[in-house]
Amino acid sequence: MKEIESNKHSWSQISEDHYYAFKARFKEGTQFFNYYIKRELGDITGKDIIHLQCNTGADTILLAQMGAEHVTGVDLVPENIYYAKKLASDLNVTNVDFFESDIMTLSQKYNKKHDMVFTSEGALVWLPDMEVWAKTVRSLLNDTGYLYVFDSHPFFLMLDEEKLDKQIYDIKYPYFKKTPDFDTTIGGYASERKGGVESYCWMFTVSDIINSLIRAGMRIDFFNEFTENFYDVGNMKKSDKEGLLIYEYNRDKYPMSFSLKASVNA
Ligand SMILES: C[S@@+](CC[C@H](N)C(=O)[O-])C[C@H]1O[C@@H](n2cnc3c(N)ncnc32)[C@H](O)[C@@H]1O
């Protein structure tokens, strides 16, 4: 797909910057999961986990350091895989491995089963088809396996991000839009945002996520909505919930992120 090829090139432009940024965070002790992920992930001791859209492996490594038996990171971008392996080697983390794949075609070439699928913080918007994603998630799990997701809430993804700090909630991106949005920049959450690229993001709805998982043979254990965000949209304040940001006026208004756990309906 031309848009995914273009995204592959776009993300490769910041792989090296991410590697250095995440390496510095590990050194400073500031690479950690946010408050909700930490609280909801539970005990992952001994689990065999697959981490989808792992970028340069920082969260894959965190999962491995939290007691998982083994964590496999998957990402679209070969440069991300190269730097993920380098980061794991720098940090002497050996219970991880990484490979390159588009999530949209992963189930056609990979048939290993895992105890858990993990994906978080800016993953789903890069995928054009939630049905394919959900079927892929199911195909990666053994019969007692489960999925954990923490990502942007589609309600927040509709809003004009440039106006939110002025307390203006304008719908800029249609909720039911199926064609991608185009941008000429990439990144910005771990290193400087880079321009001169062509990147494409897709909207997804709450029912897209939930129903595609149910249709793929999963049972929803929980779906939670949060007013905090995991990156700064502009002039956000640090939340008292570690690793998250908030607009003071938005303690009771709209959701910015969500989490979901779904188990295999065996
Ligand atoms: C915002 S990052 C994920 C953030 C991640 N939580 C982190 O720690 O950096 C999105 C990732 O999705 C990857 N990606 C985008 N489209 C993809 C696809 N179709 N298949 C697999 N990975 C993809 C990108 O290469 C990028 O590393």
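Source: prediction; values computed, not measured.

Visitor: How do you make sense of the overall build of the protein chain when you look at a structure like this?
Guide: For the protein chain, the helix and strand inventory stands at 8 helices and 11 strands. Its C-alpha atoms give the protein chain a radius of gyration of 18 Å, near enough to 18 Å, the size a compact globule of 266 residues would have. Across its three principal axes, the protein chain shows a C-alpha extent of roughly 45 × 40 × 40 Å. For the protein chain, the proportion of its 266 residues judged to be buried stands at 38%.

Visitor: Looking at this structure, I do not really get unusual backbone geometry. What am I missing?
Guide: What you tend to see is this: most non-glycine residues have negative phi, and most peptide bonds are trans. Even without being a glycine, Asn-92 presents a positive backbone phi close to 55°. Inspection of the secondary structure assignment puts Asn-92 in the loop between α5 (78-90) and β3 (96-100). Unusually for a residue other than glycine, Asn-235 sits at a positive phi of about 60°. Within the secondary structure, Asn-235 sits in the loop between β8 (218-226) and β9 (237-238). The exposure class assigned to Asn-235 is exposed, which follows from the 10 C-beta atoms found within 10 Å.

Visitor: What is the right way to read the site of the ligand from this model?
Guide: The immediate surroundings of the ligand are formed by 20 residues, with Gln-53, Asn-55, Leu-76, Gly-122 and Trp-126 found nearest. Those elements that provide at least two residues to the shell around the ligand are α1 (2-12) and α4 (58-65).

Rules used throughout
- Residues numbered from 1 in each chain as written.
- Predicted model: local features only at pLDDT ≥ 70, side-chain atom pairs only at ≥ 80, totals over all residues.
- Helix = DSSP H or I, 4+ residues; strand = E, 2+ residues; numbered from the N terminus.
- Rg over C-alpha atoms; globule rule 2.2 N^0.38 Å.
- Buried ≥ 20, exposed ≤ 12 C-beta atoms within 10 Å, placed from the backbone.
- Near = placed C-beta within 6 Å.

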